[in-house]
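Residue-level structural notes
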Amino acid sequence: MRAKLIGRVAAGVEAEVRSSPWSRRILDDPLFFMEQCLRIVPKAGGGVVPFVLNVEQRQFLKIIWRAWVSGKPVRVIVLKARQLGISTVTEAFLYWLASTRKNTTALILAHEAPAVRNVLEMSHRFAMHDGRLEKNEMPLIGGVSREELSFDNPDWRTRAVKRGLGSKIRVAVAENKSAGHSSTLQAFHGSECARWREPEVLTGILNALPFMRETFGVLESTAHGASGMFYDIWADAEAGKNEWTPFFLSWKGRPEYRLPIAEGEVFVRTEDEERLRVEHGLVDEELKWRRAMLASPAFRGADRSPAEVFREQFPLSPAEAFVTSGHSYFDMGQLAEQEIAAGRATFTQGAIVPRGGALPAKLIRGEKPEVDFLVNTAGRLRIWKPPEEGSAYIV
């Protein structure tokens with residue numbers, strides 16, 4: 001592939017000499033670039049097809065582009081259901097950056113070696129079928145390896161006068177703690193971050209990615225329990241405590257996640273399915289697909305029910321996604337729904353304070369202290385329903 005790819009673009013041109021309206025739009029409009037120039041392999045397999053973004057990909061690109069054109073650093077963390085195409089559109093954006101701008105280094109980290117190979121193959125495929133080839137406007141490609149795709153002049157004899165862009169896309173497994181430490185990055189994609197075995201790798205990466213305009217950082221993953229680096233960054237992003245923009249994608253509404261209801265078929269919803277219909281607006285075709293998935297061996301997990309595994313891989317809400325891993329007596333999905341309902345309920349917030357400031361002394365003497373509830377929005381106690389005199393409570 002390396003020789004074939006380099007051979008096809010050895011006569012490429014530099015980005016700055018392009019002057020046609022089509023070429024200028026390629027430089028300035030990533031959506032136009034993706035749908036004009038890039039080819040992908042569809043889920044069903046077969047030959048490559050033009051990359052036409054789906055609804056979720058367009059929503060994601062809109063978030064990225066809004067930050068980019070406003071001069072802000074792009075930092076987006078994505079919590080998602082499986083197979084929605086977020087990795088594809090992220091790689092397409094990185095490829096657009098590296099193949100249209102000078103001296104841009106993009107790094108992609110994935111949780112395992114096969115995922116790294118898939119990502120690099122995607123970049124190679126973009127280059128092999130790039131629509132700029134037909135117009136003789138493809139940038140020079142100087143190196144294609146198992147770890148890198150570089151946009152340089154492959155001929156060292158003419159490099160002094162025709163250098164190429166000097167940009168590159170690098171890939172690595174997230175176990176490599178030195179990844180990104182030796183260079184300055186302009187773009188970064190962390191794939192399936194919740195499953196990284198060495199999450200501290202991210203610290204070095206983010207320190208190599210300057211927090212300035214026209215820099216790009218995306219963390220995306222399905223959930224993997226309510227703990228760890230990805231969960232913490234997501235929770236802080238939702239609370240507005242860090243620089244990351246949270247973006248959640250559920251499986252609801254995707255045509256491939258439906259099974260048709262045959263003519264004359266009577267689909268009787270279970271109590272849980274009726275709850276999902278009311279709370280999340282799922283239609284019967286989606287509920288039928290979900291029921292089939294719950295019966296599949298693909299959703300059997302150690303110490304977890306098929307419903308818990310499904311909620312982690314195909315969540316309908318962030319709370320549902322971060323189902324606690326491992327065995328639990330309680331249904332964690334139901335608890336997640338109750339937590340959401342509790343968040344919508346009204347409450348009084350404040351703190352319990354000793355009356356007259358004598359609480360410690362009375363406790364030492366074994367006396368029953370007198371306290372008051374002081375309403376305060378910074379208090380650590382929330383009361384949804386005041387205690388009723390004469391009732392028994394367990395704390």
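Just so we're clear, the structure is a prediction, and the values are computed from it rather than from any experiment. (Residues numbered from 1 in each chain as written. Predicted model: local features only at pLDDT ≥ 70, side-chain atom pairs only at ≥ 80, totals over all residues. Heavy atoms only, no water.)

**With respect to the overall build of the protein chain**
Selection criterion: Here a strand is any run of E in DSSP of at least two residues, a helix any run of H or I of at least four, and the numbering for each starts at the N terminus. Buried residues are those whose accessible area, probed at 1.4 Å on protein chains only, stays under 20% of the maximum for their type, while exposed residues exceed 50% and partly exposed ones sit between those limits. Any two residues whose heavy atoms approach within 4.5 Å at even a single point are treated as in contact. Using a 1.4 Å probe, accessible areas were evaluated by the Shrake-Rupley method; residue-level cover was limited to the displayed protein chains.
Along its length, the protein chain carries 14 helices and 13 strands. Within the protein chain, the proportion of its 395 residues that are buried is 43%. Of all intrachain contacts in the protein chain linking residues separated by at least 6 positions in sequence, the fraction that spans at least 24 positions is 68%. In the structure as shown, the protein chain presents an accessible area of about 21,000 Å², 53% of it carried by carbon and sulfur atoms.

**Describing unusual backbone geometry**
Positioned with a positive phi, Gln83 is a non-glycine residue whose angle comes to about 60°. Relative to the elements of secondary structure, Gln83 occurs in the loop between β3 (74–80) and α5 (86–100). Here Glu192, not a glycine, exhibits a phi torsion of approximately 50°, which is positive. Structurally, Glu192 is set in the loop between β8 (187–191) and α7 (201–208). On the accessibility criterion, Glu192 (11% relative accessible area) is buried.

**Focus: α7**
What counts, and what does not: Taking the helix axis as origin, the arc is that swept by the directions to the C-beta atoms.
Residues Val201, Leu202, Gly204, Ile205 and Ala208 constitute the buried set of α7. One side of α7 carries all its buried residues, which in axial view fall inside an arc of 160°. Those residues of α7 that are exposed and angled more than 90 degrees off the buried face are Thr203 and Asn207. The secondary structure elements touched by the buried residues of α7 are β4 (105–110), β8, β9 (216–221) and α8 (229–238).

**Focus: the nonpolar core**
Formally: We call a set of buried Ala, Val, Leu, Ile, Met, Phe, Trp, Tyr and Cys residues a nonpolar core when their side-chain atoms join them within 4.5 Å.
In terms of nonpolar packing, the biggest core is built from 66 residues, with Met34, Tyr95 and Phe216 touching the most fellow members. Ranked by the residues each element gives to this core, the list is headed by α5, at nine residues. The next biggest cluster of nonpolar side chains, apart from the first, holds 25 residues, and it includes Cys193, Leu202, Trp234 and Trp244.

**A short note on the sheet that holds strand β5 (residues 143–144)**
For clarity, the cut-off: What makes two strands pair is DSSP finding at least two bridges between them. Axis lines are fitted to C-alpha atoms, over the contacting stretch for helices. Their N-to-C directions set the angle, which ranges from 0 to 180 degrees.
Taken in spatial order, the eight strands of this open sheet run β5-β6-β7-β4-β8-β9-β3-β10, and their pairing is mixed. In this open sheet, the two strands that pair with only one neighbour each are β5 and β10 (245–249). Inspection of the sheet shows strand β6 (residues 148–151) paired to strand β7 (residues 167–173) by four bridges, in the antiparallel sense. Its bridge partner lying in β7, Ser150 is registered against Lys168. Relative to β8, α5 is tilted by about 160°, and along the sheet it contacts β3, β4, β6, β7, β8, β9 and β10. Its contacts with the sheet place helix α6 (residues 113–128) against β4, β5, β6 and β7, and it is angled at close to 160° to β7.

**Topic: the pattern of salt bridges**
Selection criterion: By salt bridge we mean one thing: a side-chain nitrogen of Lys or Arg within 4 Å of a carboxyl oxygen of Asp or Glu.
A full pass over the atoms with the stated rule returns 20 salt bridges. Residue Glu56 pairs with Arg254 through a salt bridge whose shortest N-O separation is 3.0 Å. Residue Glu56 is found in helix α4 (residues 55–69), and its partner Arg254 is found in the loop between β10 and α9 (271–280); the two are separated by 198 residues along the sequence. Neither residue differs from the other here; Glu56 and Arg254 are each classed as buried. Salt bridges here are not isolated pairs; linked through shared partners, they connect Lys80, Glu192, Arg195, Glu220 and Glu312.

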